[in-house]
Amino acid sequence: MELIVSNLSKRFGEKLILDRLSLSIESGEFISLVGSSGSGKSTILRLIAGLEHPSSGSISVDGTPVSGPGPDRGMVFQKYSLYPWLNAAANVAFGMRLQRMKPTEIRERTAYFLEVVGLSEAANKLPRELSGGMQQRVAIARALATNPSILLLDEPFGALDLQIRESMQDFLHKLWQRTGLTVLLITHDVEEALVLAQRVHVLAPNPGRIVRSLEVDLNKSDLDQLRLSSNFLALRRSLSRTMRELEPSLC
Amino acid sequence: MTVTAAPASQERCSGLFPLFTLGAMPSRAVRGRLQVASLLVPLLIWTAVASFGLVDEKFLPSPQTVFRSLASMAESGILFQDIVASTGRVFGGFLLATLLAVPIGICMGVYPAICALCEPLIAMLRYMPAAAFIPLLIIYLGIGEEPKIALIFLGTIYFNILMVMDAVKFVPKELIETTLTLGGRSRQVLVQVVARYSLPSIIDTLRINIATSWNLVVVAELVAAEVGLGKRIQLAQRFFRTDQIFAELIVLGLIGFAIDMGFRLLLRLSCKWAV
Ligand SMILES: Nc1ncnc2c1ncn2[C@@H]1O[C@H](COP(=O)(O)OP(=O)(O)OP(=O)(O)O)[C@@H](O)[C@H]1O
Ligand SMILES: [Mg+2]
């Protein structure tokens, strides 16, 4: 699978939100886009998901142009994403039901993906009985269950406490290693992008465009150690500086 | 001074005041007693006023008299006949209004184009009092069951539509979009997500609006009917039977109350996740 975004522009009315943006993702890659609030991060993801139409430019998955939303591109939003009347298992099964998979297959896959996200115990719980982190893991399991070729994550941990956010990052890293998923993660948290992604793109606002791309060549066998290593901290400082320079001066 | 004032004010709170502290929840037992009092106190006052003869018995019959006439109407079968006739009309008209209003309201809530097309018209129709349609309905449909059902239909459909539409607008956009990215088609999104998510609000809307049809059925029966609770009230007036009027009013109140409880129960059973 290969996702190619080329010369993508998006206007809302007169306002140019994205300006001729290009990027590509190979199968199995973990890519992250960082940018400040309002820089157009969500808009990019929504365009790739097919929830918005480009003003110009193109998006293709394996050579097929994107023309609307579909289960080949799984999406996880920051919040409000679980069906509140369904328990965790039924939430995971929902997409498969929509696609009329065989009931036995749905049952097996539901159990498997609940296990993958470590929530087999919580299968019968309603979303409101789950913590924020557990809810997001159910949402990820649900997106994975329909077998997408890429997982699109829009600040999936943005609403969580710092500590839970770190453990969710560890979780997502393991998940990626275990399943060989292709992931596009959007975040405004530089550390999160560096911890998880192999390549980080920095998005500048007004209009949104990629101003810096960076390969993250770090040893990621232990994320706790990684977060404290000097190489990591140097990269983090450098990225933060880039981000700060993009902000309009406040003084 | 302030140090000594604090315990004093706390002590004052320990009487009736905690009941009126904002955000405070009295215990279940206390609430239960208050609820019983809500019905019992007026009944006692009524009994007292009637038994001391403060008001002419002709105008305010005693609870015993009302109960006796209720019993005699029940025995003769008239009461049952009236209840069946009136509730039948209410359910007929309201069911029709609901069957149409729910899909229309959902589509208006989801598709801005449909909303723009329908809302001005509905907003205006809503302000035409349903009772003002009675003469027209009689000309069109005669004086049988049809105009009564049509009146209830007209009197409730617009409110049902607009309130369902509002409920639908509260469905989180993310939930709809998640469903699309999971491969859901429009129909699946509307039925399995939008309608399902708004179900608790829709049930609540119906619970509130059925009260209007309960009003309108009496209006319709006052104009032209053979049987029905409203019709019986009109007949009772002709013979100055205030006891019967009171009895019918109480029956109207009780049935309305039962319908309300029915909807609450339905909500609790069908939407455990929302209550
Ligand atoms: N449907 C829309 N109509 C008009 N303007 C929009 C629409 N969606 C987004 N925008 C505008 O586009 C810009 C980028 O929005 P977007 O949501 O993509 O930013 P973001 O980087 O995801 O921000 P955040 O970090 O706050 O989520 C914002 O200025 C926003 O006001
Ligand atoms: Mg965003």
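Below or above, wherever it landed, is the structure these notes cover. (Residues numbered from 1 in each chain as written. Chains lettered and ligands numbered in written order. Predicted model: local features only at pLDDT ≥ 70, side-chain atom pairs only at ≥ 80, totals over all residues. Heavy atoms only, no water.)

**Considering the site of ligand 1**
All names here are of chain A. If you check the shell around ligand 1, you find F12, K15, I17, S36, S37, G38, S39, G40, K41, S42, T43 and E155 and nothing else. Relative to its free-state accessible area of 640 Å², ligand 1 is covered by the protein chains to the extent of 58%. Among the elements of the structure, strand 2 (15-26) and helix 1 (41-49) are those that each provide at least two residues to the shell around ligand 1. It is helix 1 that provides the largest number of residues to the shell around ligand 1, a total of three residues. Grouping the amino acids of the shell around ligand 1 by side-chain chemistry returns two nonpolar, seven polar and three charged. (Near = heavy atom within 4 Å. Areas by Shrake-Rupley, 256 points an atom, 1.4 Å probe, with all protein chains shown as cover. Helix = DSSP H or I, 4+ residues; strand = E, 2+ residues; numbered from the N terminus. Nonpolar A, V, L, I, M, F, W, Y, C, P; charged D, E, K, R; others polar.)

**Concerning the sheet that holds strand 3 (residues 30-35) of chain A**
Residues and elements named next belong to chain A. Pairing in this open sheet of six strands is mixed, and the strands run 6-7-8-3-9-10 from one edge to the other. Strands with a single pairing partner mark the edges of an open sheet, and in this sheet they are strand 6 (73-76) and strand 10 (209-215). Strand after strand, the sheet turns through a mean of 20 degrees between neighbouring axes, direction not considered. In the sheet, strand 3 pairs with strand 8 (residues 183-187) via five bridges, with the strands oriented parallel. Directly across from V34, in strand 8, lies its bridge partner T187. (Pairing = 2+ DSSP bridges. Axes fitted to C-alpha atoms, helices over the stretch in contact; angles between N-to-C directions.)

**Observations concerning the packing of helix 5 (residues 112-126) of chain B against helix 7 (residues 145-168) of chain B**
Residue and element names in this part refer to chain B. Helix 7 packs onto helix 5 with a crossing angle of 135 degrees between their chain directions and a minimal axis gap of 10 Å. On the basis of the axis angle, helix 5 is oblique to helix 7. Our pair here, helix 5 against helix 7, has a crossing hand that is left-handed. On helix 7, the residues that touch C115, E119, I122, L125 and R126 of helix 5 are Y158, F159, I161, L162 and M165. Counted by class, the contact of helix 5 with helix 7 contains eight nonpolar, no polar and two charged residues. (Parallel < 35°, antiparallel > 145°, perpendicular 65-115°, else oblique. Left-handed = near helix turned anticlockwise from the far one by under 90°. Contact = heavy atoms within 4.5 Å.)

**What to know about the packing of helix 6 (residues 134-141) of chain B against helix 7 of chain B**
Residues and elements named next belong to chain B. Here helix 6 crosses helix 7 at 140 degrees, and the two axes come no closer than 9 Å. Looking at the two axes, helix 6 sits oblique to helix 7. Crossing hand, helix 6 versus helix 7: right-handed. Residues I134, L137 and L141 of helix 6 lie in contact with helix 7, whose contacting residues are E146, P147, A150, L151 and L154. Each residue belonging to the contact of helix 6 with helix 7 can be placed in one class, and the counts come to seven nonpolar, no polar and one charged.

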